[in-house]
Amino acid sequence: MRVGDVLPELSIAVTRTMIVATAIASRDFQDVHHDPALAAERGSPDIFMNILTTNGIVGRYVTSWAGPASVVKKLRIRLGVPNHPGDTMTLRGSVTAVDDGQVSVEVVGANERGPHVTGLVIVRVP
């Protein structure tokens, strides 16, 4: 692993079931993640993915590339546009630093409206 290495793209189809199931699994019962009518009342065109799901997807993206023995040491993300049912989020990443077994990866996950998530993941690799 070297600075400048590019991770393979990963596209994820965002479905209504995925949004609801992952919100429930992460104990996020906020209505905007499962009730379209209430999401609309709050100004959203539909339900949307929660931050915990996004966090998990970003971590999975980097550790799938880094290998099963890799360990996430730091994960820092910033949300942008929401992920709604029917969107496809495409993740891209590149290595920005390698230091004493730790690899820093900048990640962007975007859908049709723009970046959904940007962030940094630092993994320890054997």
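Quick notes on the rules
- Starting from 1, residues in each chain are numbered consecutively following that chain's sequence as written.
- Predicted model: local features are reported for residues with pLDDT of at least 70 only, side-chain atom pairs are reported and counted for 80 or more only, and whole-chain, interface and lining totals are derived from all residues.
- Water and hydrogen atoms play no part in the side-chain values, which are based on all heavy atoms of the structure.
- Numbering of helices and strands starts at the N terminus; helices are DSSP runs of H or I of at least 4 residues and strands are runs of E of at least 2.
- When a residue's accessible area, from a 1.4 Å probe over protein chains only, is under 20% of the maximum for its type it is buried; when over 50% it is exposed; and in between it is partly exposed.
- The arc in question is the one traced by the directions running from the helix axis out to the C-beta atoms.
- By nonpolar core we mean a set of buried residues, namely Ala, Val, Leu, Ile, Met, Phe, Trp, Tyr and Cys, connected to one another through side-chain atoms within 4.5 Å.
- A contact between two residues is defined here by any heavy atoms of the two lying within 4.5 Å.

Participant: Sorry if this is basic, but what is going on with unusual backbone geometry here?
Facilitator: Peptide bonds are trans in most cases, and residues, glycine excluded, mostly fall at negative phi. Even without glycine at this site, Arg-27 takes up a positive phi of about 60°. Position of Arg-27 relative to the elements: it lies in the loop between helix 1 (16–25) and helix 2 (36–41). The phi angle at Asp-100 is positive, at roughly 50°, despite the residue not being glycine. The residue Asp-100 is located in the loop between strand 3 (88–99) and strand 4 (102–111) in this model.

Participant: Honestly, helix 1 in this entry has me stumped. Any pointers?
Facilitator: The periodicity of an α-helix, 3.6 residues per turn, causes residues three or four positions apart to be oriented the same way. Along helix 1, the residues that are buried comprise Met-18, Ile-19 and Ala-23. Around the axis of helix 1, the buried residues are gathered within 120° of arc, so they sit on the same side. Pointing more than 90 degrees away from the buried face of helix 1 are the exposed residues Thr-17 and Ala-25. Where helix 1 ends, the next residue or the one after it, Arg-27, has phi of about 60°, a positive value.

Participant: What exactly am I supposed to notice about the nonpolar core here?
Facilitator: A general feature of soluble globular proteins is that nonpolar side chains tend to end up buried together. Ranked by size, the top nonpolar core spans 24 residues in total, and within it Ile-57, Val-62, Leu-91, Val-105, Val-107 and Val-123 carry the most contacts. Those elements giving two or more residues to this core turn out to be helix 1, helix 3 (51–66), strand 3, strand 4 and strand 5 (114–124). Broken down by element, this core gets its largest block of residues, 5 residues, from helix 3. Residues within four places of Leu-91 in sequence aside, it is in contact with Pro-8, Glu-9, Leu-10, Ile-12, Ile-57, Val-58, Tyr-61, Val-107, Val-108 and Gly-109.

Fair warning: the whole summary comes from geometry, so function is off the table for now.
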